[in-house]
Amino acid sequence: MATTVSRVGCRITVTVRIEFRNNTGRLNAAQFQQLVNGWEQSIEALWNGSTGSQRYRCCTVTFNVVTKIGQGTNGYHQVNVVAGPQTSVAGLGPGSTNGRWDDQDTGAVAAHETGHLLCLPDEYDYNGPGGAYRNLNPQPAGQPQSIMAQTWGNAAALQEHIDAVMECTDATCPWYCCIFRWIDWLVLRRVLRIFRPLFDRLSLPRRLSNRLTSEREGTIADRRDRPSMKHHSIDSLLDEVRSGDPDRLTAAYDELLDRGDDAVPSLREALDDESPLVRWAAAGALGGVGSDEVTQSLQERLDDPNASVRVVAAQSLARLGDSAGVPALIRALEQDDVMIGHPPELTSDYAVQVLRSVSGERFGFDSSAPAYERARAVERWEEWWDEQGEEFTPR
Ligand SMILES: [Zn+2]
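Residues numbered from 1 in each chain as written. Predicted model: local features only at pLDDT ≥ 70, side-chain atom pairs only at ≥ 80, totals over all residues. Heavy atoms only, no water.

Enquirer: Outline the overall build of the protein, supporting the account with residue identities and numerical values.
Expert: A count of helices and strands for the protein gives 15 helices and 10 strands. Whereas a compact globule of 395 residues would reach a radius of gyration of roughly 21 Å, the protein reaches 23 Å, a difference of no more than 12%. Expressed along its principal axes, the backbone C-alpha trace of the protein runs to roughly 75 × 50 × 40 Å. Taking all 395 residues of the protein together, 53% fall into the buried category. Of the contacts made within the protein by residues no fewer than 6 positions apart, 62% connect residues no fewer than 24 positions apart. With the model as given, the accessible surface of the protein reaches about 18700 Å², and the carbon-plus-sulfur share is 47%. (Helix = DSSP H or I, 4+ residues; strand = E, 2+ residues; numbered from the N terminus. Rg over C-alpha atoms; globule rule 2.2 N^0.38 Å. Buried < 20%, exposed > 50% of the residue type's maximum accessible area, 1.4 Å probe, protein only. Contact = heavy atoms within 4.5 Å. Areas by Shrake-Rupley, 256 points an atom, 1.4 Å probe, with all protein chains shown as cover.)

This is the structure in C-alpha cells:
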C-alpha cells in the first residue's frame, strides 16, 4: 500500500508515499523537484491543520508525505505530471496508482487530490441551476470549508475527513488513550511507558474493527477504477459530461480529448449546446484538434455567457497558436466563478494559470488578495498584453 498508517501508543502517523513523473515537457529536473517539494509542504500543512496535528477519538494523528521523482516504484502512488492547467485526477484509496496532475496545480489542489488517495470522495457537483457548481458539504459561514468541496479561500481537512481516513485505513485508537487524556497526562506518562505492551494486548480485536469498516471499504473498492468509456459514442460521452458528476464528467472529458479528428463535427455542434458543461467539454477537447473552422468556432465562444467556457475556449485557441483569447483571460481575473472540471478551482485562478503558461510571465496574482492588489495585478497583465501587439504567439 502506498498510504499506510502506524501507531505508537496514542500517536497515529499516516504516511502517504507519492512518486511523480515529469511529463511536463517544460520543467527541468531542478524546477520539477521544486514543484514537488512545494506540493509536499502544502499537503502536509493542510492535512495536519492549523495546530500541526489532528485528532481521532483520543489519539493524535499526523500526516507525513513522502515524495519521490521517478516512475513505477512499488509502494508509491503514481502521479503523471503534465503541462497545465487542465483537469487533474487521482485514484481513490491507499492502493491507487492512477493519478495525473498538472504543473500548475496549487498546493490546495494537491491536497484535494491527496484526499482521494486517503479514500475521500468529491463533495461537489455541477448540478446547480444552469450547470452551476454546488458545494455538497457546506460548512457554516466563517468556518473553513471542506477541501474535498473547494480548493480556494479557507479550505481545510474537516474532522469528519480524519475520521473517514482512519476508518478506511483500519486505524485504531486504543481505549486507554481516552483515560490518559482525561487524567493528567504528565503524571501518567511514566505509567504508560511501563504498561503499554499490556494495554495493547487488551485493545479491541482487529477482526471486530475490520467488521465495523468493511462496508465502507466495499464502496471504496467499487470506485477505485475510473469507468472505461472507450466504447461510448461522442453523444453518450457528452451525456456523461452533462451529468454534472465530477468523476463521470472528467472521465468523459479525457476520452473526448483522445478521440481526435473524428469527433470534430459533433464537438463543433456541441459548442452551441444549452448546457455550459457540454460547451466547456467541447471547447476544451477542440484544443487538441486544429483547423481553421475550429479556430473560428472557438473564437465565437469567447463571448459565452459562462466564464468556464470563455476561459477554456481561450486556452484551446492558445494551444492552437491563436492569441485571440488573451483579453478574455485577463478579464476573467476580475471576477470569481467556479471553473468546471476537477478539482473545483476559481475561474480567475485557472485563467491566470493559462496566462502564465502562454506568456512564460509570472505576474503576481492572488484571487484571495484585497481588491486593490488584485486590480494592480490585472493592470500588469493588461500592460503586458498592450506591449505584445499583433505578432504575439502563445507558447
Ligand atoms: Zn476530487
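Enquirer: Please set out the coordination of the zinc ion residue by residue, giving values where relevant.
Expert: Donor atoms from the polypeptide that coordinate the zinc ion comprise His112 (NE2), His116 (NE2), Asp122 (OD) and His342 (NE2), at 1.9 to 2.0 Å from the metal. Each of the 4 donor atoms bound to the zinc ion contributes to angles spanning 97 to 122°, and the resulting shape is tetrahedral. Sequence spacing of the donor residues for the zinc ion, all on one chain, is H-x3-H-x5-D-x219-H. Under the relative-accessibility criterion, Asp122 is labelled buried at 15%. (Donors = N, O, S within 2.8 Å, 3.2 Å for Na, K, Ca; no water. Tetrahedral: all angles 85-135°; square planar, octahedral: opposite > 155°, others 65-115°.)

Enquirer: Describe the pairing of strand S5 (residues 77-82), listing the residues and the values that go with them.
Expert: Counting buried positions along S5 gives 6 out of 6 residues, so the element sits mostly inside the fold. The two faces of S5 match: His77, Val79 and Val81 on one face and Gln78, Asn80 and Val82 on the other face are all buried. As judged from the 6 bridges shared by strand S2 (residues 11-23) and S5, these two strands associate in the parallel manner. When the sheet's bridge partners are listed, Arg21 is paired in S5 with Asn80. Strand direction decides the pairing type here: S5 and strand S6 (residues 99-102), joined by 4 bridges, are parallel. The residue bridging Val79 from the neighbouring strand is Gly99, located in S6. (Pairing = 2+ DSSP bridges.)

Enquirer: Residues and numbers for the pattern of salt bridges, please.
Expert: Per the counting criterion, the structure on display carries 14 salt bridges. In this structure, Arg26 and Asp103 form a salt bridge, with 2.7 Å as the shortest nitrogen-oxygen distance. On the criterion of sequence distance, the pair formed by Arg26 in the loop between S2 and helix H1 (29-48) and Asp103 in the loop between S6 and helix H2 (107-117) is long-range, its members being 77 residues apart. Salt-bridge contacts for Lys230 lead to Glu255; the nearest nitrogen and oxygen are separated by 3.0 Å. Here Lys230 is found in the loop between helix H6 (206-224) and helix H7 (234-242), whereas its partner Glu255 is found in helix H8 (residues 246-259), with 25 residues between them in sequence. Judged by its relative accessible area of 52%, Lys230 is exposed. (Salt bridge = Lys/Arg side-chain N within 4 Å of Asp/Glu carboxyl O.)

Enquirer: Break down the layout of surface pockets for me, with residues and values.
Expert: One number sums up the size of the largest pocket: a volume of about 950 Å³. In terms of lining, the largest pocket is formed by 31 residues, of which the most central are Asp103, Gln104, Asp105, Arg356 and Arg362. Among the elements that take part in the lining of the largest pocket, helix H14 (residues 347-359) stands out by supplying 5 residues, more than any other. Within the lining of the largest pocket, the residues separate by chemical class into 9 nonpolar, 12 polar and 10 charged. Each of domain 1 (3-172 + 206-224) and domain 2 (234-388) gives at least three residues to the lining of the largest pocket. Its volume calculated, the second largest pocket comes out at about 480 Å³. If you go around the second largest pocket, you meet 27 residues; those closest to its centre are Ala83, Pro85, Gln86, Gln315 and Arg319. Elements with a contribution of two residues or more to the lining of the second largest pocket: H8, helix H10 (276-286), helix H12 (307-319) and H14. Ranked by residue count, the leading element in the lining of the second largest pocket is H12, at 5 residues. Here the lining of the second largest pocket is composed, by residue class, of 13 nonpolar, 10 polar and 4 charged. Each of domain 1 (3-172 + 206-224) and domain 2 (234-388) gives at least three residues to the lining of the second largest pocket. (1 Å grid on protein atoms, 1.4 Å probe; cavity = no way out; pocket = protein on both sides within 12 Å on 5 of 7 lines; lining within 4 Å. Points joined across faces, edges and corners; volume = space filled by probe spheres on them. Nonpolar A, V, L, I, M, F, W, Y, C, P; charged D, E, K, R; others polar. Domains from an automatic or database assignment.)

Enquirer: How would you summarise the environment of Asp105 if you had to cite specific residues and measurements?
Expert: With respect to the helices and strands, Asp105 occurs in the loop between S6 and H2. Once residues lying within four places of it in the same chain are set aside, the contact partners of Asp105 are Trp39 and Ser88. Polar side-chain contacts of Asp105 include one of 2.9 Å to the backbone nitrogen of Asp102. (Polar contact = N/O pair within 3.5 Å; in protein donor to acceptor, adjacent residues only side chain to side chain.)

Enquirer: Would you mind going over helix H15 (residues 371-388) in detail, with residue names and values included?
Expert: Along its 18 residues, H15 runs 26 Å from first to last C-alpha, staying within 8% of the 26 Å computed at 1.5 Å per residue. Where H15 is concerned, the buried positions are Arg374, Ala377, Val378, Trp381, Trp384 and Trp385. The arc that holds the buried residues of H15, viewed along the axis, is 115°, so those residues lie on one side. Those residues of H15 that are exposed and angled more than 90 degrees off the buried face are Tyr372, Asp386 and Glu387. For H15, the secondary structure elements touched by its buried residues are helix H13 (326-332) and H14. Trailing H15 by a residue or two, Gly389 shows a phi angle of about 75°, which is positive. (Expected span 1.5 Å × (residues − 1). Arc of directions from axis to C-beta.)

Enquirer: Just give me the short version of the domain arrangement of the protein, but keep the residues and values in it.
Expert: How big an interface is tends to be expressed through the accessible area that disappears when the partners come together. Under the domain assignment used here, the protein contains domain 1 (3-172 + 206-224) and domain 2 (234-388). A separation of 26 Å is found between the C-alpha centroids of domain 1 and domain 2. Counting each side, the surface lost to burial between domain 1 and domain 2 is near 2200 Å², with a carbon and sulfur contribution of 55%. A salt bridge links Arg100 to Asp254, with the nearest nitrogen and oxygen atoms 3.0 Å apart. Seen at the junction of domain 1 and domain 2, the total is 16 residue pairs in polar contact (both at pLDDT 80 or more). When contributions to the side of domain 1 that touches domain 2 are tallied by element, the ones reaching two or more residues are H2 and strand S7 (124-125). Of all the elements, H2 adds the most residues to the side of domain 1 that touches domain 2, at 4 residues. Residue composition of the side of domain 1 that touches domain 2, by class: 8 nonpolar, 13 polar and 6 charged. (Buried area = accessible area lost by both parts, 1.4 Å probe.)

Enquirer: Tell me about the side chain of Asn48, residues and numbers included.
Expert: In this structure, Asn48 sits in helix H1. The buried category is assigned to Asn48, whose relative accessible area is 9%. In this structure Asn48 touches Ser53, Gln54, Val61, Thr62 and Phe63, once residues within four positions along its chain are discounted.

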